[in-house]
Amino acid sequence: MKQRLLLLLTLFLTACAVAETGTAVPLTITPGVTLSPYSTASTPLAQVTATTEPTDIPPIPAVTTAPTDTPQPTPTPIPPPTGRIYFMWDPLSDPDDLPNPVHNLYVAIPGDGPSDWHIETVLTELVGIPVVALSPDKTKLAFTALEDANNDGSVSLEGASRYFDAPNIFVYSLMDNSLRRITDNFPRTYHLAWSHDSQRLVYQNSTDVYITNLFSGEEELLSAFPDYVQELAWAPDGRYLLIRIYGGEIYLYDNITGTVISLDIEKQGSNLSWSPDSQWLASNELGPRGLFLIATPTTEVISLVPYPAFSYFAWSHNRRYLAFTNETRFEGSIFARTSFWLWDVERKETIHLAETGRIFNIIWSSDSQTITIGVLHEDRGELTRFDLLNNQSSLLLTVPGIIELRPLAWSPDEEWLLFYNKDSNRKSTLNLIHKSGGEIYRLLDTTDTFMPYSFFWLTN
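Please read all numbers here as calculations on a predicted model, not as lab measurements.

**Let's talk about the packing of aromatic side chains**
Inspection of the entire model under this criterion finds 11 aromatic pairs. When the centroid spacing of 5.6 Å and the interplanar angle of 20° are considered together, the rings of Phe87 and Tyr106 count as stacked. Taken together, the residues Phe87 in strand E2 (residues 84–89) and Tyr106 in strand E3 (residues 102–110) connect sequence positions 19 residues apart. As far as the burial class goes, Phe87 and Tyr106 line up, both buried. Seen in terms of ring centroids, Trp89 and Tyr106 are 5.7 Å apart; in terms of plane orientation they differ by 50°. Their pairing is tilted.

Okay, here's the thing in structure tokens:
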């Protein structure tokens, strides 16, 4: 039971991994869909209200030039944000209390400009820490929510840690706003994986792995394993399904032959991620520590970061590079010394990018030419962009007195960046900034709550 409670608390703190704006944003809440009668949480939805507090973050100064008689071209207007931002957030739980979260799914919709947003609730009363997976075609969200497994009339994360409550799986359509129940037998699942055609969903129930065909409604037991399944990841090309069990042992299910292959490697896997071409697996050794690569299906292993150094990584969309960190943390401090690297898939060599502070999140552009990171120094936080094509870096934003600064997602046209920041007074917000810098626009005040998570900025 202690191990299960630790796992639940770890999942919560991981899922909930920060700046004032110059313009107040009016927010509108509209009724959402609930999971009743299956969900019995009675906590009311917090009302998100507008704020008129003055900004604490100064805008980036505009570049000025000396007077000239030469006519200057009229600046191109900054295009307003487009698309919709979906995210999970618990507006009521206090980070200083024992986590007992009830999340809602929200959508942020832009208006006429970057300061004109409203936020709508889409799904409410999602008890626990929903595991969320967006389908590859970006039309469906699969998620878990705790329900009353023992019929005692209450649902909570604490109840789940005592085996009183358990999750079920649902699929929400972003196209027609329909909600579909996938399970009603309370599978002990903490990972969801979509097939490359967005028609099949894979989940685990303790040591068993199941696959559901959403088109036909058929479900089958894919395979049983010798210990609890902890991680699932379907290769982008649909050939292999990765299964990692407790203890770090890694298996591959071959979708063509229907066979299960045990990867015979000495290292234990954790936080595994497929390359976009399905030829490589990147993996930590334990939690976010150490980093190595596995070639599939040859099982060649390449070590990049030795254990126990912290390492975070992200594949480029063109599969050419893996960006990764080698981080040394100072005992009792939130700061760190970090080396930032690229691994070149074709040349099988590493490229050094920077020596910097603690890095939060690594985000690639869709053309794989730029990388955006959040960096924490002892006196400031920074948003930095690396231009690989021109071999140079630029500072998008610098903010004093910051303890957390995370880039989260680029808009579909990659003109606007969504980021989260928290200052030394523990004030936190979701914000937007244009790729050229300038004014910061607040999307949502998240002070005294855990960080929202599972951000998806999608086109309309």
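**So, the pattern of salt bridges**
Scanning the entire structure with this criterion turns up 18 salt bridges. Here Arg347 and Glu349 are joined by a salt bridge, their closest N and O atoms 3.7 Å apart. For Arg347, a relative accessible area of 58% gives the class exposed. Residues Glu382 and Arg380 are paired through a salt bridge, measuring 2.6 Å at the closest nitrogen-oxygen approach. Among the ionic contacts, a cluster of salt bridges with common partners joins Asp277, Arg319, Arg320, Asp344 and Glu346.

**A word on the sheet that holds strand E8 (residues 179–181)**
Strands sit in the order E5-E6-E7-E8 across an open sheet of 4 strands; the sheet is antiparallel. Every other strand in the sheet has two partners, leaving strand E5 (132–134) and E8 as the edge strands with one partner each. Strand-to-strand twist in this sheet, taken as the mean axis angle between neighbours without regard to direction, amounts to 25°. Taken together, the 8 bridges between strand E6 (residues 140–147) and strand E7 (residues 166–173) define a ladder with antiparallel strand orientation. Looking across to E7, one finds that Thr144 is bridged to Ile169.

About the thresholds
Residues numbered from 1 in each chain as written. Predicted model: local features only at pLDDT ≥ 70, side-chain atom pairs only at ≥ 80, totals over all residues. Heavy atoms only, no water. Phe/Tyr/Trp six-rings, centres within 6.5 Å; stacked < 30°, edge-to-face > 60°. Helix = DSSP H or I, 4+ residues; strand = E, 2+ residues; numbered from the N terminus. Buried < 20%, exposed > 50% of the residue type's maximum accessible area, 1.4 Å probe, protein only. Salt bridge = Lys/Arg side-chain N within 4 Å of Asp/Glu carboxyl O. Pairing = 2+ DSSP bridges. Axes fitted to C-alpha atoms, helices over the stretch in contact; angles between N-to-C directions.

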